[in-house]
Amino acid sequence: MVDPWLLLEAAVFLAVVSVVVWRTRALDAAGGAVAVLLGAVVYLTVGRGGALLLVTFLAVSAAFTRIGYERKRSVGAAELKGGTRGWRNVLGNGGVAGVAAVMSALDASNRHLYLYAFIGSVAAVFADTMATEVGLLSRGRVRRIIGFGEARPGEPGGVTALGYVGVLMAAMTSYAVSLLFFTNPLDPVKLLVTVLLASTIGATADSVAGQLLQSLYRCRVCGALTELPNHCGEPAELVRGVRGFDNQAVNAVCALTGAVVAAAVYAFL
């Protein structure tokens with residue numbers, strides 16, 4: 001039976017988060033609704049530490065999305081709608097974490113394994129988002145993760161040295177929040193190894209999937225390269241990747257990679 005005080009605490013917490021998300025426009029209406037549902041599931045399974053980790057990811061990512069936004073938009077690499085994200089983005093980034101959270105409640109004998117998978121998944125997508133938003137502030141060249149050929153800013157598979165500084169920032173933030181706020185005892189050394197590996201490998205897997213699989217189109221009207229299947233009101237021509245394998249699918253690859261890496265660290269370290 002769920003503790004009624006925990007239900008009240010979760011309701012108050014999520015209500016406050018909802019107001020902040022609405023006021024800051026970090027998520028649109030549908031994205032906010034899905035995020036609240038995900039937050040409720042996490043709060044009632046993993047606990048307040050898991051919910052705080054998700055909120056930290058959302059808040060820090062939203063803040064860095066807005067830093068240098070005009071410059072990012074000028075090179076065609078800014079998030080659409082002023083950085084406001086939708087429900088598909090929430091699911092792409094948080095779906096794996098939600099499954100791990102539910103499994104931690106259903107499979108009590110392996111609860112810590114799923115807790116680490118949850119943390120690794122969030123740490124990975126946090127790192128990937130920070131790699132993108134911090135990396136776009138770089139004045140240096142963007143290189144493709146495979147082959148190291150020069151890439152345009154924001155191109156799927158493109159990486160920068162500054163982007164990996166963002167990965168480290170996200171990893172250490174994930175580590176601090178998890179260590180301080182998870183009610184289940186977590187080994188500090190194992191947790192540190194977990195978030196560092198999950199963040200780095202997850203963000204790198206995202207870049208690899210972005211370069212090899214993510215669909216990239218050319219507009220038949222204006223000739224621009226775009227991740228959107230329709231541009232200028234017309235269907236665009238697929239020039240690279242797998243049709244329909246969009247940024248949210250790549251995010252899911254990143255999240256799953258982080259979860260698997262974290263579970264392996266927990267199981268074998």
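Quick note: structure is the one above.
Model, not experiment: these values are computed from the prediction. (Residues numbered from 1 in each chain as written. Predicted model: local features only at pLDDT ≥ 70, side-chain atom pairs only at ≥ 80, totals over all residues. Heavy atoms only, no water.)

S.K.: Go over the packing of helix 7 (residues 161–181) against helix 8 (residues 188–212) with me, naming the residues and quoting the values.
M.R.: If you want to describe how two helices pack, look at the angle between their axes and the distance between the axes. Following both chains from N to C, one finds helix 7 and helix 8 inclined at 145°, their axes separated by 9 Å at the closest point. In the crossing of helix 7 with helix 8, the sense of the turn from one axis to the other is right-handed. Taken together, the residues of helix 8 that come into contact with helix 7 (itself represented by Tyr164, Val167, Leu168, Ala171, Met172, Ser174, Tyr175, Ser178 and Leu179) are Pro188, Leu191, Leu192, Val195, Leu196, Ser199, Thr200, Ala203 and Thr204. Class assignment of the residues belonging to the contact of helix 7 with helix 8 gives a composition of 13 nonpolar, five polar and no charged. (Axes fitted to C-alpha atoms, helices over the stretch in contact; angles between N-to-C directions. Helix = DSSP H or I, 4+ residues; strand = E, 2+ residues; numbered from the N terminus. Left-handed = near helix turned anticlockwise from the far one by under 90°. Contact = heavy atoms within 4.5 Å. Nonpolar A, V, L, I, M, F, W, Y, C, P; charged D, E, K, R; others polar.)

S.K.: Just give me the short version of the nonpolar core, but keep the residues and values in it.
M.R.: Core analysis: the biggest nonpolar cluster contains 45 residues, and Val42, Val46, Phe118, Ile119, Val122, Phe182 and Leu191 have the highest contact counts within it. Of all elements in the fold, only helix 1 (4–24), helix 2 (29–45), helix 3 (48–66), helix 5 (87–106), helix 6 (111–135), helix 7, helix 8 and helix 9 (247–268) reach the threshold of two or more residues within this core. For this core, the leading source of residues is helix 6, giving 14 residues. When sequence neighbours within four positions are dropped, the list of residues in contact with Phe182 reads Val46, Gly49, Gly50, Leu115, Phe118, Ile119 and Val177. (Core = buried A, V, L, I, M, F, W, Y, C linked by side-chain atoms within 4.5 Å. Buried < 20%, exposed > 50% of the residue type's maximum accessible area, 1.4 Å probe, protein only.)

S.K.: Just give me the short version of the side chain of Ser104, but keep the residues and values in it.
M.R.: Mapped onto the secondary structure, Ser104 falls in helix 5. When residues no more than four places from it in sequence are discounted, the contact partners of Ser104 are Thr45, Val46, Arg111, Tyr114 and Leu115.

S.K.: Before we move on, could you go through helix 3 and cite the residues and values that matter?
M.R.: With 19 residues, helix 3 extends 27 Å between its outermost C-alpha atoms, agreeing within 8% with the 27 Å of an ideal straight helix rising 1.5 Å per residue. Within helix 3, the full set of buried residues consists of Gly49, Gly50, Ala51, Leu53, Leu54, Thr56, Phe57, Ser61, Ala62 and Thr65. Looking at the packing, one finds that the buried side of helix 3 touches helix 1, helix 2, helix 4 (69–74), helix 5, helix 6 and helix 7. Looking one or two places after helix 3, you find Gly68, whose phi comes out positive at around 65°. (Expected span 1.5 Å × (residues − 1).)

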